Amino acid sequence: MTGKFLWFEGIPFPSVDYSPELLREVQESFLIKDEDVLLLTFPKSGVILKEEQREKRREEEKKNDTGRPSFGTNWLIETVCLIYSKGDPKWVQSEPIWDRSPWVETKHGYELLKEKEGPRLISSHLPIQLFPKSFFKSKAKVIYLVRNPRDVFVSGYFFWKSAKFVKRPQSLEQYFEWFIQGNMPFGSWFDHIRGWMSMRDKENFLVLSYEEMKWDTRSTVEKICQFLGKKLEPEELNSVLKNNSFQVMKENNMSNFSLLKGVTGDWKNYFTVAQAEIFDKLFQEKMADLPQELFAWE
């Protein structure tokens, strides 16, 4: 049975663990504190593909493997948690990732965050116009992770087509139309990026790309540390890099990690020439006034 979307303020959401009442309360009443750190992404900004779609690429993947997990959101959360613990893996191995950095827009995450004391890690996929209004009067720090939207599209298709809590695409072609029109969970990728990029020059806002995080993990971790004001000794930094690697994370049941890795640029195996041309034209139209250095994959 195909699921359906829950619509709120013109944006489609999954039908499980979300409600209009909750989303309104989050937007109007949830208090973001100055000491909070917010980890924001568009859905599937690095999530891996299904086993059956990955099999034919297995040998190529082995040749080019960086040893890093290929799912942006959870990888970012795990990395920040390890920075907080100075590389000590006890925390990430003992508490589920959705409890360490709860999703503010979900019922479970919202209730958890209301009870948490002290500095909080908060995750969200919300577009900027639906985010808690209290944030814009706070000094809370934001890390916003972007990824090549073509790869986001492919990852999203294979995830959403098997999900039971959303309206499922019946084909890659149908999902392509949804994606370019923004009729997908959490709305348009282009609008999400443009909305949050309006914050990019503020000192409490850090933009990272999944690609740079994968290509040069050490430098990215150092950048995050500097932004958060966290100083790590060399051995602590090495421990962060060890424990946020694929080899270690795949053994950690608390990290919500599947045993597969994705390939950056995998969209080339799924886009038709016509789709690629349509997508490139739309990207140029929507992103023309943003600095190209924000998009490491271009």
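Because the structure is predicted, anything quoted here is derived from the model rather than measured.

Thresholds, definitions, all that
- Residues numbered from 1 in each chain as written.
- Predicted model: local features only at pLDDT ≥ 70, side-chain atom pairs only at ≥ 80, totals over all residues.
- Heavy atoms only, no water.
- Helix = DSSP H or I, 4+ residues; strand = E, 2+ residues; numbered from the N terminus.
- Buried < 20%, exposed > 50% of the residue type's maximum accessible area, 1.4 Å probe, protein only.
- Areas by Shrake-Rupley, 256 points an atom, 1.4 Å probe, with all protein chains shown as cover.
- Salt bridge = Lys/Arg side-chain N within 4 Å of Asp/Glu carboxyl O.
- Pairing = 2+ DSSP bridges.
- Axes fitted to C-alpha atoms, helices over the stretch in contact; angles between N-to-C directions.
- Contact = heavy atoms within 4.5 Å.

## Section: the overall build of the protein chain
Each helix and strand counted, the protein chain has 15 helices and six strands in total. Considering the protein chain as a whole, with its 298 residues, one finds that 58% of them fall into the buried category. Summed over all atoms, the accessible surface of the protein chain reaches about 13600 Å², with 49% contributed by carbon and sulfur.

## Digging into the pattern of salt bridges
On inspection of all chains with the given rule, the structure shows nine salt bridges. For Lys-133, the salt bridge identified is with Glu-28, shortest N-O distance 3.0 Å. With Lys-133 in the loop between strand 4 (121-124) and strand 5 (141-146) and Glu-28 in helix 1 (residues 20-29), the pair connects residues that are 105 residues apart, well separated along the chain. Judged by its relative accessible area of 44%, Lys-133 falls in the partly exposed class. Salt-bridge contacts for Asp-88 lead to Lys-90; the nearest nitrogen and oxygen are separated by 3.5 Å. Asp-88 gets classed as partly exposed once you look at its relative accessible area, which sits at 32%.

## Thoughts on the sheet that holds strand 5
If you trace the four strands from one edge of the open sheet to the other, you get 4-3-5-6, paired in parallel fashion. Two strands lie at the open edges of the sheet, namely strand 4 and strand 6 (205-209), each paired on one side alone. Taken pair by pair, the neighbouring strands of this sheet meet at an average axis angle of 20 degrees, ignoring direction. One ladder, built from five bridges, connects strand 5 with strand 6; its direction is parallel. Looking at strand 6, one finds that Tyr-144 is bridged to Val-207. Sheet strands in contact with helix 12 (residues 217-228) are strand 3 (37-41), strand 5 and strand 6, and its direction is about 170 degrees off that of strand 6.

## Observations concerning the environment of Ile-32
Relative to the assigned elements, Ile-32 resides in the loop between helix 1 and strand 3. With a relative accessible area of 4%, Ile-32 lands in the buried category. With 105 residues separating them in the primary sequence, Ile-32 and Lys-137 have C-alpha atoms 8.8 Å apart. Other than its neighbours up to four places away in sequence, Ile-32 contacts Leu-38, Arg-120, Ile-122, Pro-132, Ser-134, Phe-135, Ser-138 and Ala-140.

Function-wise, these values are silent; they only describe arrangement.
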